[in-house]
Amino acid sequence: MAILSDAATEVLVPLAAAIGIAFAVAQWFLVSRVSLSPSSRHDDKDALLGESLIEEEEGLNDHNVVARCAEIQSAIAQGATSFLFTEYQYVGIFMSIFAVVIFVFLGSVEGFSTRTHPCTYSNGTECKPALFNALFSTVSFLLGAITSVVSGFLGMKIATYANARTTLEARKGVGKAFITAFRSGAVMGFLLASNGLLVLYVAINLFKLYYGDDWEGLFESITGYGLGGSSMALFGRVGGGIYTKAADVGADLVGKVERNIPEDDPRNPAVIADNVGDNVGDIAGMGSDLFGSYAESSCAALVVASISSFGVNHDFTGMCYPLLVSSVGIIVCLITTLFATDIFEIKAVKEIEPALKKQLIISTALMTVGIALISWLALPAKFTIFNFGEQKEVSNWGLFLCVAIGLWAGLIIGYVTEYYTSNAYSPVQDVADACRTGAATNVIFGLALGYKSVIIPIFAIAVGIYVSFTIAAMYGIAVAALGMLSTIATGLSIDAYGPISDNAGGIAEMAGMSHRIRERTDALDAAGNTTAAIGKGFAIGSAALVSLALFGAFVSRAGVKVVDVLSPKVIIGLVVGAMLPYWFSAMTMKSVGRAALEMVEEVRRQFNTIPGLMEGTGKPDYANCVKISTDASIRQMIPPGALVMLTPLVVGTFFGVETLSGVLAGALVSGVQVAISASNTGGAWDNAKKYIEAGASEHARALGPKGSDCHKAAVIGDTIGDPLKDTSGPSLNILIKLMAVESLVFAPFFAAHGGILFKLF
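Residues numbered from 1 in each chain as written. Predicted model: local features only at pLDDT ≥ 70, side-chain atom pairs only at ≥ 80, totals over all residues. Heavy atoms only, no water.

> Would you mind showing me how to read the overall build of the protein here?
Regarding its fold elements, the protein presents 23 helices and four strands. Taken over C-alpha atoms, the radius of gyration comes to 26 Å for the protein, in line with the 27 Å a tight globule of 761 residues would show. Projected onto its principal axes, the C-alpha positions of the protein cover 80 × 60 × 45 Å. Residue pairs at least 24 apart in sequence account for 84% of intrachain contacts in the protein once pairs closer than 6 positions are excluded. Total accessible area on the protein is roughly 26100 Å²; 66% of this is exposed by carbon and sulfur atoms. Treating the 48 positive side-chain charges of the protein as one cloud and the 63 negative ones as another, the clouds have centres 1 Å apart. (Helix = DSSP H or I, 4+ residues; strand = E, 2+ residues; numbered from the N terminus. Rg over C-alpha atoms; globule rule 2.2 N^0.38 Å. Contact = heavy atoms within 4.5 Å. Areas by Shrake-Rupley, 256 points an atom, 1.4 Å probe, with all protein chains shown as cover. Lys, Arg positive; Asp, Glu negative; His and termini not counted. Charge placed at Lys NZ, Arg CZ, Asp CG, Glu CD.)

What follows is the structure, given as structure tokens:
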């Protein structure tokens, strides 16, 4: 028996979620105290005098600057909201159709029967009818989709709320601006982690009212939650990625390379669309993506646990172990956040990046202790885990080791990613140095760096898989993935901080603020770029573990005893599955290319036809560029989305579960490699460009300044890398997870009616 009672578990999980939501609201309140209206500043005369002195020192004692920041913020917020509403309308139609498909496919497993049937794994227990499993799977799918949408939308709203406030705080010093940006990121991180946990917990308890003792059916239907979350994440990542990179490429190629004007110059017609893109791609898309990973790893663990001793013996606390790990994660991340905002004060630019890295180390160290504690309290000393037809005995310390290995593997992947993408280290400096001989050598060095950066993360994932599987079979891999995502609130805070700082720099440039303010926001942004790359590393690493755990759950549900790679049915699946990430990447990159082409033509047209635009006397048509990005991304996101969503349905229905298991394995193996190399190549090119622009070392100054041939070669590399690091790379981790969770949801149908072609011939 576990020390923690079922009653205590029923209180702890929602309590942790409530604390997370309350903390997010408190952080939002602190950010909201930075005023965007010059007339309604604080009543405190001393504070007002202090701010006036700071502004005078910066040459900014001008209410027009504050008004201009508010105006730019409003334009960015409107563009982002408009895009997301348009995207959600199209995706809403798709989700409604897919919900019907889930109901029809799963309901037809037993001919829409309303009769109970003997459970597969719990001997002597009657399981609920397939028709009701179909109904509850559909409901949980819609719940996951809605939670994912809300997570992304709330993240975008807080980011667009905080960007101008970060700019204004930068007048008082880099420390104040850092705290505003980081607190805003924390609002998103804690809201997403807490909402995801709370909705899943409430859904389990509501479904239990109908399912009663049929935990096998209950947790099988809950898998729809992960499918819903990841489906929305796919469209959010692809649509948002196409939007942001079309605007970015258009703004950079015409503005920087052709017209030789600075980044975020208000004369550039694509500048508002570029800043909107940071919010819809890097914030809303990323939020949905990490929510999807969290939902899927929880669902994979719950499905395997439901057919193990936890589910068979109705041990509610043991079943909720994945949710308890996430609950501890929220509390640990809350304590960690206080280190950045309240305990260690940032006073200089050089302290920003170490402060963000400390967040990762502190949260990982505290979480290790938290996992040990919850494993001791919530798990019996010995229990059994389902392992492909057998029950494997596992101890509570063994499961602690699985979660801890996932947690620390995530940190290793994060730091390796940072080494290969930060301009503080030799790999990126070598890429920057290659710009001396032009764009071609820059591209060659960048690609080589990306391929090399795959090696250590893959070894870390491989060790994590082997140890976790040896200790606790597929359940071990599922909780290892959950371990990697247990500090999701801190990870998201750091991730969201980057685009907010990027926007803050853009607003400073557009509002005509002093060079010193722009230097501060650039320092915040540079640290954010590196930590964003670390975040992508976490997302890809966790996607590999989540996908494998879901694969194991699918194989168990579909009744496949062994996946034989010498079987022709499996081999054809492996080959096709390994090809899918390349097909998907080709579609997303071409989509960015097409959208960017339209944007480049529009920006050129405006520079050529609007009188006085280059001189600063004419006004660009920002709205038209926002419209081009919106229309192009909505139009281009559908084919890649359809490829991912339809592949498991087509393969499972026509070729059966063996071929589908081959497709999932092939997509996982090749998808992880392509995703890591694409993300790191793009990140390295971006930071090589920033290395030259900053001119912080003798070597960097020799390559610069801005506008030199070296710098132009670096901009071209950065432009090529944009779709790699912000569209194709991050979307690939959703591809491997989404196909696996979709296969798991439809497993009963594929097992009963799949393989039509092989049955005919």
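Next comes the rest of the description.
> Would you mind going over the layout of surface pockets with me for this structure?
Space left empty within the atom packing is revealed by a probe, the size of a water molecule, rolled over the atoms. Approximately 1100 Å³ is the volume attributed to the largest pocket. Residue lining of the largest pocket: 33 residues in total, with Glu 519, Asp 522, Ala 523, Ala 526 and Ala 694 positioned closest to the centre. At the level of secondary structure, the elements contributing two or more residues to the lining of the largest pocket comprise α11 (352-378), α16 (488-510), α17 (515-557) and α19 (622-694). Of the residues assigned to the lining of the largest pocket, the class counts are 13 nonpolar, seven polar and 13 charged. (1 Å grid on protein atoms, 1.4 Å probe; cavity = no way out; pocket = protein on both sides within 12 Å on 5 of 7 lines; lining within 4 Å. Points joined across faces, edges and corners; volume = space filled by probe spheres on them. Nonpolar A, V, L, I, M, F, W, Y, C, P; charged D, E, K, R; others polar.)

> Explain the packing of aromatic side chains here, please?
Geometry of an aromatic ring pair is reported as the spacing of the ring centres plus the angle between the planes. On inspection of all chains with the given rule, the structure shows 28 aromatic pairs. An angle of 45 degrees between the planes, with centres 5.8 Å apart, marks the rings of Phe 98 and Phe 141 as tilted. A residue pair is termed long-range when its members are at least 10 positions apart, and Phe 98 in helix α3 (residues 63-107) and Phe 141 in helix α4 (residues 130-169) qualify at 43 residues. Look at Phe 98 and you get buried, because its relative accessible area is 4%. Relative accessible area serves as the criterion here: at 0%, Phe 141 is assigned to the buried category. Ring centres 5.7 Å apart and planes at 15 degrees place the aromatic pair Phe 178 and Phe 182 in the stacked group. Taken together, the residues span about one helical turn, with Phe 178 and Phe 182 both in helix α5 (residues 174-211) at a distance of four residues. Through pairs of rings, three or more aromatic residues link up here, namely Phe 94, Phe 98, Phe 105, Phe 141, Phe 235, Phe 746, Phe 749 and Phe 750. In this arrangement the basic side chain of Arg 165 is found over the ring face of Tyr 161, its NZ or CZ atom lying 3.9 Å from the centre. Lys 358 extends its terminal NZ or CZ atom over the ring of Phe 344, reaching a point 5.2 Å from the ring centre. (Phe/Tyr/Trp six-rings, centres within 6.5 Å; stacked < 30°, edge-to-face > 60°. Buried < 20%, exposed > 50% of the residue type's maximum accessible area, 1.4 Å probe, protein only. Lys NZ or Arg CZ within 6 Å of the ring centre and 35° of its normal.)

> Can you walk me through empty space enclosed by the protein in this structure?
Evaluation of the coordinates by the stated rule reveals eight cavities of 30 Å³ or more. By volume, the largest cavity amounts to about 490 Å³. In terms of lining residues, the largest cavity is bounded by 34 residues, among which Asp 282, Asn 529, Asp 686, Lys 725 and Asp 726 are the most central. Of all elements in the fold, only α6 (215-258), α7 (271-306), α16, α17, α19 and α21 (709-745) reach the threshold of two or more residues within the lining of the largest cavity. Ranked by residues supplied to the lining of the largest cavity, first place goes to α17 with eight residues. Here the residues of the lining of the largest cavity sort into six nonpolar, eight polar and 20 charged.

> Sorry if this is basic, but what is going on with the nonpolar core here?
Across soluble globular proteins, nonpolar side chains have a tendency to be buried as a group. Core analysis: the biggest nonpolar cluster contains 220 residues, and Phe 178, Tyr 321, Ile 352, Tyr 475 and Phe 554 have the highest contact counts within it. At 22 residues, α19 tops the list of elements feeding residues into this core. Here Phe 178 is in contact with Ala 340, Ile 346, Ile 352, Ala 355, Leu 356, Tyr 497 and Leu 524, once residues within four sequence places are set aside. (Core = buried A, V, L, I, M, F, W, Y, C linked by side-chain atoms within 4.5 Å.)

> I tried to follow helix α15 (residues 455-484) on my own but got confused; where do I start?
Helix length check: α15 (30 residues) gives 19 Å between terminal C-alpha atoms against 44 Å at 1.5 Å per residue, more than 12% under. The largest bend in α15 is about 135 degrees, located at Ala 472. (Expected span 1.5 Å × (residues − 1). Bend = angle between axes of the 7 residues up to and from the residue.)

> Which parts of the structure should I look at to understand the pattern of salt bridges?
Pairing is possible between side chains that carry opposite charge, provided their charged atoms lie close to one another. In this structure the tally under the stated criterion is 27 salt bridges. Residue Asp 264 is joined to Arg 518 by a salt bridge in which the shortest nitrogen-to-oxygen separation is 3.5 Å. One end of the pair, Asp 264, is in the loop between α6 and α7; the other, Arg 518, is in helix α17, with 254 residues separating them in the sequence. Side by side, Asp 264 and Arg 518 carry an identical accessibility label, which is buried. Between Lys 357 and Glu 418 there is a salt bridge; the shortest N-O distance is 2.6 Å. Of this pair, Lys 357 sits in helix α11 while Glu 418 sits in helix α12 (residues 396-421); the two residues are 61 residues apart in sequence, bridging distant segments of the chain. The same class applies to Lys 357 as to Glu 418, namely buried. (Salt bridge = Lys/Arg side-chain N within 4 Å of Asp/Glu carboxyl O.)

> What am I meant to see in the state of the cysteines here?
Every disulfide links exactly two cysteines, by a covalent bond between their sulfur atoms. Enumeration over the complete set of coordinates arrives at zero disulfides. Cysteine Cys 710 remains unbridged, with the sulfur of Cys 435 as its closest cysteine sulfur at 5.8 Å. (Disulfide = S-S within 2.5 Å.)

> Before we go on, may I ask you to explain the packing of α12 against α19 in this structure?
Helix packing for two helices is described by the angle between their axes and how far apart those axes are. For the pair α12 and α19, interaxial distance at closest approach is 8 Å and the crossing angle is 45 degrees. By the angle between their axes, α12 is oblique relative to α19. Of α19, the residues touching α12 (which contributes Thr 417, Tyr 420 and Thr 421) are Asn 680, Gly 683, Ala 684 and Asn 687. Here the contact of α12 with α19 is composed, by residue class, of two nonpolar, five polar and no charged. (Axes fitted to C-alpha atoms, helices over the stretch in contact; angles between N-to-C directions. Parallel < 35°, antiparallel > 145°, perpendicular 65-115°, else oblique.)

> Got a minute to help me understand the packing of α3 against α16 in this structure?
At a minimum axis separation of 9 Å, α3 and α16 run at an interaxial angle of 130 degrees. The pairing of α3 with α16 is recorded here as oblique in orientation. In the crossing of α3 with α16, the sense of the turn from one axis to the other is right-handed. For the pair α3 and α16, contact is made by Arg 68, Cys 69, Ile 72 and Ile 76 and by Asn 503, Ile 507 and Met 510, respectively. Here the residues of the contact of α3 with α16 sort into five nonpolar, one polar and one charged. (Left-handed = near helix turned anticlockwise from the far one by under 90°.)

> What is the right way to read the confidence of the model for the protein from this model?
Residues at a pLDDT of 70 or more form 96% of the protein, whose mean pLDDT is 88. Looking over the protein, one finds the lowest element-wise mean pLDDT in helix α2 (residues 45-57), namely 42, and the highest in helix α14 (residues 439-452), namely 96. Long-range and interchain partners of residues 40-61, a stretch whose pLDDT sits below 50, account for 25 contacts in this model, where long-range means more than four residues apart. (pLDDT = per-residue confidence, 0-100.)

> What is the right way to read a nonpolar patch on the surface from this model?
A surface patch of nonpolar side chains, amounting to about 520 Å² of accessible area, comprises Val 11, Leu 12, Leu 15, Ile 19, Ile 331, Ile 335 and Leu 366. Contributing elements (two or more residues each) for the nonpolar patch: α1 (6-32) and α10 (321-343). A per-element tally of the nonpolar patch places α1 first, with four residues. Counting through the fold element by element, Leu 366 comes out in helix α11. (Patch = residues over 30% accessible without salt bridge, like charges linked within 9 Å, V, L, I, M, F, W, Y side chains within 5 Å.)

> Help me understand the pairing of strand β3 (residues 382-387) in this model?
Along any regular strand, the residues point their side chains to alternate faces of the sheet. Pairing of β3 with strand β4 (residues 390-395) involves six bridges; the strand directions are antiparallel. Each bridged residue has a counterpart across the sheet, and for Phe 383 the counterpart in β4 is Val 394. With antiparallel pairing between neighbouring strands as the criterion, β3 and β4 make up a hairpin whose turn holds two residues, including Phe 388 at a positive phi of roughly 50 degrees. (Pairing = 2+ DSSP bridges.)

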